[in-house]
Amino acid sequence: AHRRELEQAAAAKVEKDRALNQKRQESMQRRALVAEIHQLVAAHRVPRDGAELAYQFLDGSLIKRLYVTAPMRDALMRGSLSLVRMGERYEVVPTAIAEKIHQRDARCRVAGSGEPKAGEPEDAMYSAYVVPDDLMW
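Given the structure is predicted, the values throughout are model-derived calculations rather than measurements.

Enquirer: Can you help me understand the pairing of strand β2 (residues 62-68) in this one?
Expert: For a regular strand, the rule is simple: side chains alternate between the two faces of the sheet. As judged from the seven bridges shared by strand β1 (residues 53-59) and β2, these two strands associate in the antiparallel manner. The partner of F57 across the bridge, within β2, is K64. Between the antiparallel neighbours β1 and β2 lie two residues, among them G60 with a positive phi of about 70°.

Here is the structure:
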């Protein structure tokens, strides 16, 4: 009976050690993934020097504002650049890099950052509206 108790205690210790080791491995993988995402953003982010234009976008259900340059705003609207959330701040990166980041962690990419829908022309939503000739923007 005493030997059985020792075997059960040893089996419980092995199981506890296995669970602890698995948690450590998951933690290490998570840290490596975060470091990889930070490295991708740092290497490919588009600098916003001289940004004067406010670009508003949806982050979940919140409307956020980011100051960008005019060419960056146009590229964001066309979908060639995308926004990536890094903690509390946002960075502008090429869409191909944003896709790689999204594959690693879906929470980092900001949805609704100007990606055109596949198979739909860019102005399809507005084709039913007539724009007056004298309209000034």
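Enquirer: Would you take a moment to explain the side chain of T69 for this structure?
Expert: Mapping T69 onto the fold places it in the loop between β2 and α2 (70-78). Taking relative accessible area as the criterion, T69 reaches 18% and is therefore assigned buried. Ignoring sequence-local partners within four residues, the contact set of T69 consists of D49, G50, A51 and L53.

Enquirer: Would you mind showing me how to read the nonpolar core here?
Expert: Core analysis: the biggest nonpolar cluster contains 12 residues, these being Y55, F57, L66, V68, M72, A75, L76, L81, L83, Y90, V92 and V110. Among the elements of the structure, β1, β2, α2, β3 (81-86) and β4 (89-94) are those that each provide at least two residues to this core. Here the element with the most residues in this core is α2; it accounts for three residues. By size, the runner-up hydrophobic cluster in this structure holds 10 residues, among which are L40, V84, I101 and C108.

Enquirer: What exactly am I supposed to notice about the packing of aromatic side chains here?
Expert: Both the distance between ring centres and the angle between the ring planes are used here to describe each pair of aromatic rings. Taken as a whole and judged by the stated rule, the model has two aromatic pairs. Between Y55 and F57 the ring centres are 6.2 Å apart and the planes differ by 20°, which places this aromatic pair in the stacked class. By the burial criterion, Y55 is buried, and F57 matches it. Aromatic pair F57 and Y90: ring centres 5.1 Å apart, planes at 75°, arrangement edge-to-face.

Enquirer: I would appreciate a short explanation of the pairing of β4 in the present structure.
Expert: One ladder, built from six bridges, connects β3 with β4; its direction is antiparallel. Residue pairing for β4: M86 is matched across the bridge by R89. Here β3 hands over to β4 after two residues, with G87 in that stretch at a positive phi of 70°.

Enquirer: Before we go on, may I ask you to explain the pattern of salt bridges in this structure?
Expert: When the charged atoms of two side chains with opposite charge come close together, those side chains can pair. Using the criterion set out here, one finds eight salt bridges in the structure. For D74, the salt bridge is made with R73, and the minimal N-O distance between the two is 3.9 Å. The partly exposed category is assigned to D74, whose relative accessible area is 34%. A single network of salt bridges, built from pairs that share partners, joins R45, R89 and E91.

Enquirer: Even after reading the chapter, I still don't get the confidence of the model for the chain, so can you show me in this structure?
Expert: In low-pLDDT regions, the fine details of the predicted coordinates are not to be read closely. Mean pLDDT over the chain works out to 84, with 84% of the residues at or above the 70 mark. Within the chain, the lowest mean pLDDT, 88, falls on β1, and the highest, 94, falls on helix α1 (residues 2-44). Across residues 112-117, confidence stays below pLDDT 50; counting only partners more than four residues off in sequence or on other chains, it has 18 contacts.

Rules behind the numbers
- Residues numbered from 1 in each chain as written.
- Predicted model: local features only at pLDDT ≥ 70, side-chain atom pairs only at ≥ 80, totals over all residues.
- Heavy atoms only, no water.
- Pairing = 2+ DSSP bridges.
- Helix = DSSP H or I, 4+ residues; strand = E, 2+ residues; numbered from the N terminus.
- Buried < 20%, exposed > 50% of the residue type's maximum accessible area, 1.4 Å probe, protein only.
- Contact = heavy atoms within 4.5 Å.
- Core = buried A, V, L, I, M, F, W, Y, C linked by side-chain atoms within 4.5 Å.
- Phe/Tyr/Trp six-rings, centres within 6.5 Å; stacked < 30°, edge-to-face > 60°.
- Salt bridge = Lys/Arg side-chain N within 4 Å of Asp/Glu carboxyl O.
- pLDDT = per-residue confidence, 0-100.

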